[in-house]
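One letter stands for each residue in the lines below.
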Amino acid sequence: MTLKYINANILSAKSGILMHGVNCRGTMGAGLARQLREKFPAIYKAYMSENVGAEMLGTVQFVEIGQFVKDKPPLIVANCWTQVLFGMKPPYDGAKQHANYPAIEECAIKVVQKAIDDNTSVHVPMWLGCGLAGGDPAVVSKIFDDVTNKMLFKALYVWDNKI
């Protein structure tokens, strides 16, 4: 399957599942996570209701935003635990990459399965885990290509994340 690209701000998605990465430390203090937290406070409240720690890697939390309008389902934000730490400088761990590829794949499978079950689309920033988390866009792109091909899913939109 070919991923579909949208040249617009992902925050303008109105329905479907908007997937984004969060850390296992209980913060949404930077990047897209912060912007989503500010726009949709309910996702942060839901995120903070979960445990923190590395055992959360690969977990997905689906938070409905809004209500059905004229038979159109609400936007669902998927908080995806895709990295243990955050930040690129000490006192964290000094790592250049915090994105965890197996966790990204596990989250992608769960999100795509929910989209299939709900007959809806998935919206992903270009590329999840490749901004502040330092992931490699080629690796993450392949993860999403493989997952959508394996699951025969044709409604995954990649947003260029112009904010």
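Residues numbered from 1 in each chain as written. Predicted model: local features only at pLDDT ≥ 70, side-chain atom pairs only at ≥ 80, totals over all residues. Heavy atoms only, no water.

### A closer look at the side chain of Ser121
Argument step 1. Inspection of the secondary structure puts Ser121 in the loop between helix 3 (101–118) and strand 5 (122–125).
Argument step 2. You can call Ser121 buried: its relative accessible area is 14%.
Argument step 3. Within the local environment of Ser121, its side chain forms a polar contact with the side chain of His123, the two groups lying 3.2 Å apart.
Argument step 4. Aside from chain neighbours lying at most four places away, what touches Ser121 is Ser15, Gly16, Ile17, Ala115, Phe153, Ala155 and Tyr157. (Helix = DSSP H or I, 4+ residues; strand = E, 2+ residues; numbered from the N terminus. Buried < 20%, exposed > 50% of the residue type's maximum accessible area, 1.4 Å probe, protein only. Polar contact = N/O pair within 3.5 Å; in protein donor to acceptor, adjacent residues only side chain to side chain. Contact = heavy atoms within 4.5 Å.)

### Overview of the packing of helix 3 against helix 4 (residues 137–150)
Argument step 1. Look at helix 3 against helix 4: their axes get within 10 Å of each other, and the N-to-C directions meet at 35°. Relative to helix 4, the crossing made by helix 3 is right-handed. Two secondary-structure elements touch here, helix 3 through Tyr101, Ile104, Glu105, Ala108, Ile109 and Val112 and helix 4 through Val139, Val140, Ile143, Phe144, Val147 and Lys150.
Argument step 2. Here the contact of helix 3 with helix 4 is composed, by residue class, of ten nonpolar, no polar and two charged. (Axes fitted to C-alpha atoms, helices over the stretch in contact; angles between N-to-C directions. Left-handed = near helix turned anticlockwise from the far one by under 90°. Nonpolar A, V, L, I, M, F, W, Y, C, P; charged D, E, K, R; others polar.)

### Regarding unusual backbone geometry
Argument step 1. You will see that Asn119, though not glycine, has its phi angle at about 55°, which is positive.
Argument step 2. Take Asn119: it is sitting in the loop between helix 3 and strand 5.
Argument step 3. Judged by its relative accessible area of 73%, Asn119 is exposed.
Argument step 4. Not every positive phi belongs to a glycine, and Leu152 is a case in point at roughly 55°.
Argument step 5. For Leu152, the location among the structural elements is in the loop between helix 4 and strand 6 (156–159).

### Here's the deal with the packing of aromatic side chains
Argument step 1. Using the criterion set out here, one finds two aromatic pairs in the structure.
Argument step 2. Ring geometry for Tyr44 versus Tyr47: centroids 6.1 Å apart, planes at 35°, classification tilted. Highlighted residues: Tyr44 and Tyr47, both in helix 2 (residues 41–48), separated by three residues, approximately one helical turn.
Argument step 3. The class of Tyr47 is buried, set by a relative accessible area of 2%.
Argument step 4. Aromatic rings pair up to connect Tyr44, Tyr47 and Trp81 into one cluster. (Phe/Tyr/Trp six-rings, centres within 6.5 Å; stacked < 30°, edge-to-face > 60°.)

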